[in-house]
Amino acid sequence: MQIECLFFGPFREDVGEKTVSRETTADTVGELLRELEAEFPALEGRLVNDDGTDLAGRTVVTKNTKNVTHLEGLETPLDEDSVIRLVPSVYGG
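Residues numbered from 1 in each chain as written. Predicted model: local features only at pLDDT ≥ 70, side-chain atom pairs only at ≥ 80, totals over all residues. Heavy atoms only, no water.

(A) Main features of a negative patch on the surface. Together, Asp27, Glu31, Glu72 and Glu75 line one region of the surface with negative charge. With respect to the helices, strands and loops of the structure, Asp27 is situated in the loop between β2 (19-23) and α2 (29-39). (Patch = residues over 30% accessible without salt bridge, like charges linked within 9 Å, V, L, I, M, F, W, Y side chains within 5 Å. Areas by Shrake-Rupley, 256 points an atom, 1.4 Å probe, with all protein chains shown as cover. Salt bridge = Lys/Arg side-chain N within 4 Å of Asp/Glu carboxyl O. Lys, Arg positive; Asp, Glu negative; His and termini not counted. Charge placed at Lys NZ, Arg CZ, Asp CG, Glu CD. Helix = DSSP H or I, 4+ residues; strand = E, 2+ residues; numbered from the N terminus.)

(B) Main features of unusual backbone geometry. In this structure, Thr65 takes a positive phi of about 80° despite not being glycine. Note that Thr65 resides in the loop between β3 (60-63) and β4 (66-67). Take Thr65: its relative accessible area is 61%, and that puts it in the exposed class. Within the chain, Asp81 stands out as a residue other than glycine whose phi angle is a positive 70°. Residue Asp81 is classed as exposed on the basis of its relative accessible area of 55%. (Buried < 20%, exposed > 50% of the residue type's maximum accessible area, 1.4 Å probe, protein only.)

(C) Summary view of the pairing of β3. With four bridges joining them, β3 and strand β5 (residues 83-87) adopt antiparallel strand pairing. Note on β5: the bridge partner recorded for Val60 is Val87. The pairing of β3 with β4 spans two bridges and is antiparallel. Considered in β4, the bridge of Thr62 is made with Asn67. In sequence, β3 turns back onto β4 through a hairpin of two residues, with Asn64 there showing a positive phi of about 50°. (Pairing = 2+ DSSP bridges.)

Following this line, the structure appears as structure tokens:
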């Protein structure tokens, strides 16, 4: 299925572009994030935590504008033409 991924902040720098349209066989957001970590080594460990059970740190991932933590987390199913937004943790004062 075709998925559009939008990267923000340092993730955009790591990937080299803001938007990546990709064909994927991933069924869930978690599977897609693992694919992205494998394709873009700079993202490794920054999207999914070490044991693969949750998002890494305070990373925000949305599917069609809804935060996946308010859906089914990493088990949130993907649909054809889903738009996934990836926003890294932001710290500061």
